[in-house]
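For reference, the chains in residue letters:
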Amino acid sequence: MIDIAGSSRQYCTFRLAQYHCGIDVLAVHEILRHQPMTRVPLAPPVVKGLINLRGQIITALDMRTRLSFPPREDGKAPINIVVGTGAGEDEAAAALLVDEIGDVIDIDPASCEPPPDTINGAVRDLIQSVCKLEKGLLLILDVAKATRIE
Amino acid sequence: MGDLDGLVKEFLVESYENLDRLDKEFLQLENDPGNREVIASIFRTIHTVKGTSGFFGFERLQQVAHAGENLLAKLRDGALSLNPGMSSALLRTVDAIRAILGEIERSGGEGANAYQELIAELEAHLEGRAVDDAAAAPAPAAKPVEAPVAVSDAAKPGEPAAPAAAASAAAGSVADQSLRVDVRVLDRLMNLVGELVLTRNQILQHAGAAAGSAGGALAATSKRLDHITSELQEEVMKTRMQPIEAVWGKLPRVVRDLAKQVGKQVRLDMEGKDTELDKSIIEAIKDPLTHMVRNSVDHGVEAPAKRTAAGKPAEGRILLRAYHEGGKVTIEIQDDGGGIDPARIRAKGIEKGLITAEQAARMGEREILNLIFAAGFSTAEQVTNISGRGVGMDVVRTNIEKIGGSVDIASQVGKGTTITIKIPLTLAIIPALVVQSGGERFAIPQINLLELVRIDKDKAATAIEDVYGAPVYRLRGQLLPLVFLNKELGLPQAEAGSVNIVVLQADDNQFGVVVDSVLDTGEIVVKPLDKQLKHLAVFAGATIMGDGTVALILDVFGLGTRAHAVGKGKEGKRAATVAAGEEKEPLLLFQSPDDGRMGIPLSQVVRLEEMEASKVEGAGDVEVVQYRGEILPLVRVFQVLPERRRNPRNPDAGVQPDTLPVVVHNHGGRHVGLVVGRIIDTVEESLKLQKAATRAGIKGCIVINGKVTEILDVEAVVRTVVPDFYKAAP
């Protein structure tokens, strides 16, 4: 979805394991500290639970599981990034569980490249592009794909 | 106003809205007289008014609208072109309609003015007699021509002015009293009120904890908050309720038209129009209900000649009844028609391949009748455009079951048919039982709840019995299959203690769900799960509990299906009813690897043998032994039966490893040996199965000498190893 030739866009960044990741800031509704959640038995492992967001019940998805990272260390509470999914009739929200929230940054599309072919197949689809920042690399995730439960 | 029929009120509001739009459209037309689209739109509006007023029996209104409509039709088709005389006549038609509507609103009648002059004028225009001559039309009609802005006022100075003015004042009153609100706004309101209730609860707690004079004031204020919140919640819920009339209102017309079309006389009566239902349910039952009523007219009520011949009045009667009963709404559709002949349904079911002749013979009348809800079933000899395509009744049932309802049918040949639909009052809020299992809370809809059973800790071990790994409990002498919720959902087990069984009903099956504890009952607000989690049939949704946390709502049918407690039961029950009348039969009992007991009817046993394990030989992939000069294929029963338990308590089933107890079974001169467990006894017992089969190869269970005994389905077991054993010998 990223427009390589277009003007700069803003990304909400966060840390996930050792990686610096970002998603389109327009998809983000709000950031919440860790919330109590109700787990859903029999659901796929990526579904960490259900959160009561002011009367709306939303599904919390652990991005570590989604990207095949090892589980978070004990005692470290994840941060919820509430994102919009679907459009029109199907409009809904989901919470992405990440390790730490970062800044919203402007990115010049010219500094982005498609992900290398050598990365793990299942994760490859999720990574929209890789941005070369001064300090390191930023993995731009596809929100629609990240919130799809397999 | 207060006495006005809700439907009429709806009609008034809608008509006023449309008439307001008409004024604008007429103005547009003045500027652009050739605009056919605008004419068509005006035509449709007037046509709607005409149709609806005819339906309500407002004849004058209908006549006026009809005259206007005729003229508009000609204009729309281009047969006439609009001239100022016509447009003023049409505008006065609109005013007349308004005036009559105003009169209806005030008095319920149409008033004295028949608007004969106006009708005559419209007709004159239609026939081309009335030229564009101001003199021909009443004086005020000429004015609007020059000044489009004055158009809507033009008619008022004349005779109809006073009623028109009164009407618009009155129009304000109806329109102001009701509003169209997007259902989503109501849903959001519901959500917010729900949140408010939770916040209130927290404030009440804090207020209770606060001490001193400030605490007293806080307590008083929070009490007020408490009252207001409760009231607000109630009112918001009410906004979603509608009388069932909202659906029924359209049916008289449907029945009338359809009856005419098929040449029948049908009267439609309704009882309990005021019964209120949630908006979402009203929407959901609209189509199924219409379909069933159409069916009643088309298939139920007979032609007048046939009715008279049968000694019934020529006019058939369809009765719709709605009432609240036990937290549900019951809707009955009753006709006094020919009824449904089970024999015909049976034959049709066989013909369509829905059931086999063998099944049909075993089915009760009620079951047969319910076949009409099966997919692909239609008994109409001819496919008409009304019904008979074989889709419909199954869709009806699916739609009703989707909203947690049920459909049943009863019929008497020659007397009539009654279809009973039971549906919940609302989908949004349901009474539920909250239980805990594996540390999580779950809500169980009370609709499915039969009773709660608690077994004390010291009795728990003996009260729950085991049928080849399937736990059961004897509830008043009947075996109740048990489902352990934490096991089924993969949750941690609680420590052994007292056992809480929630007895549930899904479809025609009963089963018990064992939970760690039963917490509370209460009304819960049902919220859908993310559509990506919809495939989890075990959950019907989620709800927010009093403390703000989320709890999942169990789908009893989904849970039962997952645990295999639902679904196969029907078959088993049928078998059970068939067997009910049978005499006692001798049974051979043997031990199963689970230390349970199994039985084979002695009639299926020719001989009992003990064979040496070393004599077993292989022939192809079947084990055989040489036995009395022939080759006897062996069926190891416990290997054929699906495993219940990974580590059976007694894998050898009480048999020495080097000998095999073999039950020789005979069919059509051929023999097969069933390798079983230790032979215990033979008993005489009625083969009335007390519980449906829980796995393949088992017919069901009965209690013999106080012990649960599974009855082996010999034929099924033999077939798994020697598939063609029961086919005719070559």
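The text that follows walks through the structure, step by step, so that each part is easy to find. Just so it is clear, the model here is predicted, and its values are computed rather than measured.

Points about the overall build of chain B
Right, so step 1: Counting its regular elements, chain B contains 23 helices and 30 strands.
Right, so step 2: Buried residues in chain B amount to 45% of all 730 residues.
Right, so step 3: Considering only intrachain contacts with a sequence separation of at least 6, the fraction spanning at least 24 residues in chain B is 66%.
Right, so step 4: As displayed, chain B has an accessible area near 35700 Å², and 51% of this comes from carbon and sulfur atoms.

Points about the interface of chain B and chain A
Right, so step 1: Each partner contributes residues to the interface: chain B has 28 residues there, and chain A has 20 residues.
Right, so step 2: Buried surface at the junction of chain B and chain A, summed over both partners, amounts to about 2000 Å²; 63% is from carbon and sulfur atoms.
Right, so step 3: When the buried area of chain B at its contact with chain A is split by residue, Gln-532, Leu-533 and Val-550 of chain B rank highest and sum to 28% of it.
Right, so step 4: Linking chain B with chain A are one salt bridge, by the criterion used here.
Right, so step 5: Here Arg-39 of chain A and Glu-440 of chain B are joined by a salt bridge, their closest N and O atoms 2.7 Å apart.
Right, so step 6: The tally of links from chain B across to chain A stands at two residue pairs in polar contact (both at pLDDT 80 or more).
Right, so step 7: Of all the elements in the fold, those that place two or more residues in the side of chain B that touches chain A are helix H8 (183-209), strand S9 (440-445), helix H19 (485-489), strand S17 (539-544) and strand S18 (550-554) of chain B.

Points about the side chain of Lys-264 of chain B
Residue and element names in this part refer to chain B.
Right, so step 1: Looking at the secondary structure, you find Lys-264 in the loop between helix H11 (251-262) and strand S2 (266-271).
Right, so step 2: Put simply, Lys-264 is tucked away with no salt bridge, and the nearest opposite charge, on Asp-298, sits 4.7 Å away.
Right, so step 3: Here the side chain of Lys-264 touches Val-301 through a polar contact of 2.8 Å, landing on its backbone oxygen.
Right, so step 4: Ignoring anything within four residues of it in the chain, the contact list for Lys-264 reads Ala-259, Val-297, Asp-298, His-299, Val-301, Glu-302, Ala-303 and Pro-304.

A short note on unusual backbone geometry
Right, so step 1: Within the chain, Ser-68 of chain A stands out as a residue other than glycine whose phi angle is a positive 55°.
Right, so step 2: The residue Ser-68 of chain A is located in the loop between helix H1 (63-66) and strand S6 (79-85) in this model.
Right, so step 3: Look at Arg-476 of chain B: it is not a glycine, yet its phi comes out positive at around 50°.
Right, so step 4: Topologically, Arg-476 of chain B is positioned in the loop between strand S12 (470-475) and strand S13 (478-484).
Right, so step 5: Overall, Arg-476 of chain B belongs to the exposed group, its relative accessible area being 65%.

A few points about a nonpolar patch on the surface
Right, so step 1: A surface patch of nonpolar side chains, amounting to about 290 Å² of accessible area, comprises Leu-179, Val-181 and Val-185 of chain B.
Right, so step 2: In this fold, Val-185 of chain B is placed in helix H8.

Looking at the environment of Val-82 of chain A
All names here are of chain A.
Right, so step 1: With respect to the helices and strands, Val-82 occurs in strand S6.
Right, so step 2: For Val-82 and Ala-95, which are 13 residues apart along the polypeptide, the C-alpha to C-alpha distance reads 4.3 Å.
Right, so step 3: Beyond its immediate stretch of four places on either side in the chain, Val-82 contacts Ala-27, Val-28, His-29, Glu-30, Leu-32, Leu-53, Ile-58, Ala-93, Ala-94 and Ala-95.

Notes on the sheet that holds S6 of chain A
Residues and elements named next belong to chain A.
Right, so step 1: Spatially, S3-S6-S7-S5-S4 is the arrangement adopted by the five strands of the open sheet, whose pairing is mixed. Of all the strands in the sheet, the pair left with one neighbour each is strand S3 (28-32) and strand S4 (47-53). Averaged over all pairs of adjacent strands, the angle between their axes in this sheet comes to 30°, without regard to strand direction.
Right, so step 2: The sheet contact formed by S6 and strand S7 (residues 92-98) spans seven bridges and is antiparallel. Along S7, the bridge assignment pairs Val-82 with Ala-95.

Cut-offs and rules
- Residues numbered from 1 in each chain as written.
- Chains lettered and ligands numbered in written order.
- Predicted model: local features only at pLDDT ≥ 70, side-chain atom pairs only at ≥ 80, totals over all residues.
- Heavy atoms only, no water.
- Helix = DSSP H or I, 4+ residues; strand = E, 2+ residues; numbered from the N terminus.
- Buried < 20%, exposed > 50% of the residue type's maximum accessible area, 1.4 Å probe, protein only.
- Contact = heavy atoms within 4.5 Å.
- Areas by Shrake-Rupley, 256 points an atom, 1.4 Å probe, with all protein chains shown as cover.
- Buried area = accessible area lost by both parts, 1.4 Å probe.
- Salt bridge = Lys/Arg side-chain N within 4 Å of Asp/Glu carboxyl O.
- Polar contact = N/O pair within 3.5 Å; in protein donor to acceptor, adjacent residues only side chain to side chain.
- Lys, Arg positive; Asp, Glu negative; His and termini not counted.
- Patch = residues over 30% accessible without salt bridge, like charges linked within 9 Å, V, L, I, M, F, W, Y side chains within 5 Å.
- Pairing = 2+ DSSP bridges.
- Axes fitted to C-alpha atoms, helices over the stretch in contact; angles between N-to-C directions.

Take it as geometry only, folks, not as evidence of what the structure does.
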